[in-house]
Amino acid sequence: MRKKVFICSPFRGDMEGNARKAAAYCRMACEQGFLPVAPHLLFPQFLNEGIEEERRLGISMGMELLSLCDEVWVFGEATEGMAAEIASATAQGKEIIFKEGMSTASITKWSISFSIRECGFQNSAG
């Protein structure tokens, strides 16, 4: 069975360009023998990122998928959504691998100021 990796990369802003990058990251993971999980490539197919309630639903469902992954691969500069994913992965004890242009220090401000619950994440215990 392949190791599942959660692809954590920007989406908002240049959504088309960011989706192309995320697809490339997924391809790279696949070519390395991993099973990539990239909710930001799937959920915009049927949820509207411009409607806050649907955006929050997508983030929440993404957090559920994250909980099933073995690792989190982080690409690019952290956005609010990415920071919530990184915080969740940290709380779950997941291995977080910074693949390009990011270090643990660059997300510190997000980790401190942005809680998981602000993104609508509810774990099964809470």
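Before reading further, recall that the structure is shown in the block above.
Bear in mind the structure is a predicted one, so any value in this text is a computation, not a measurement.

Draft legend 1. The arrangement of the environment of Ala 89 in detail. Tracing the chain through its elements places Ala 89 in helix 4 (residues 80-91). Sequence separation between Ala 89 and Leu 66 is 23 residues, and the spatial gap between their C-alpha atoms is 7.3 Å. Residue contacts for Ala 89: discarding those within four places in its chain leaves Leu 66, Val 72, Lys 94 and Ile 96.

Draft legend 2. Structural detail: helix 3 (residues 52-67). Look at helix 3: 23 Å from first C-alpha to last across 16 residues, which is about the 22 Å you get at 1.5 Å a residue. Along helix 3, the residues that are buried comprise Arg 55, Gly 58, Ile 59, Ser 60, Gly 62, Met 63 and Leu 66. Buried residues along helix 3 sit against strand 1 (4-8), helix 2 (39-42), strand 3 (71-75) and helix 4.

Draft legend 3. Quick look at the layout of surface pockets. Empty space within the largest pocket amounts to approximately 360 Å³. Around the largest pocket sit 22 residues that line it, and Phe 11, His 40, Glu 49, Arg 55 and Ile 59 are the ones nearest its centre. Elements represented by at least two residues in the lining of the largest pocket include exactly helix 2, helix 3 and helix 4. Of all the elements, helix 3 adds the most residues to the lining of the largest pocket, at five residues.

Draft legend 4. Structural view of the packing of aromatic side chains. Here the structure, examined in full by the defined rule, presents three aromatic pairs. Arranged with centres 5.0 Å apart and planes meeting at 70°, the rings of Phe 34 and Trp 73 form a pair that is edge-to-face. Placement of Phe 34 in the loop between helix 1 (15-31) and strand 2 (35-37) and of Trp 73 in strand 3 is noted, with a sequence separation of 39 residues between them. Given a relative accessible area of 18%, Phe 34 falls into the buried group. What makes Trp 73 buried here is its relative accessible area of 1%. Aromatic pair Phe 43 and Phe 46: ring centres 5.8 Å apart, planes at 80°, arrangement edge-to-face.

Draft legend 5. Inspection of the nonpolar core at higher detail. Core analysis: the biggest nonpolar cluster contains 10 residues, these being Phe 6, Cys 8, Val 37, Leu 66, Cys 69, Val 72, Val 74, Met 82, Ile 86 and Ala 89. Looking at this core, the elements with two or more residues in it are strand 1, strand 3 and helix 4. Among the nonpolar cores identified, the runner-up in size contains nine residues, and Ile 7, Tyr 25, Phe 34 and Ala 38 belong to it.

Draft legend 6. Structural view of the environment of Arg 12. When you line up the elements, Arg 12 lands in the loop between strand 1 and helix 1. A relative accessible area of 44% places Arg 12 in the partly exposed class. Along the primary structure Arg 12 and Glu 49 are separated by 37 residues, whereas in three dimensions their C-alpha atoms are 8.3 Å apart. Once residues within four sequence positions are removed from consideration, Arg 12 is found in contact with Asn 18, Glu 49, Glu 52 and Arg 55. Separated by 3.2 Å, the side chains of Arg 12 and Glu 49 make a polar contact.

Parameters at a glance
Residues numbered from 1 in each chain as written. Predicted model: local features only at pLDDT ≥ 70, side-chain atom pairs only at ≥ 80, totals over all residues. Heavy atoms only, no water. Helix = DSSP H or I, 4+ residues; strand = E, 2+ residues; numbered from the N terminus. Contact = heavy atoms within 4.5 Å. Expected span 1.5 Å × (residues − 1). Buried < 20%, exposed > 50% of the residue type's maximum accessible area, 1.4 Å probe, protein only. 1 Å grid on protein atoms, 1.4 Å probe; cavity = no way out; pocket = protein on both sides within 12 Å on 5 of 7 lines; lining within 4 Å. Points joined across faces, edges and corners; volume = space filled by probe spheres on them. Phe/Tyr/Trp six-rings, centres within 6.5 Å; stacked < 30°, edge-to-face > 60°. Core = buried A, V, L, I, M, F, W, Y, C linked by side-chain atoms within 4.5 Å. Polar contact = N/O pair within 3.5 Å; in protein donor to acceptor, adjacent residues only side chain to side chain.

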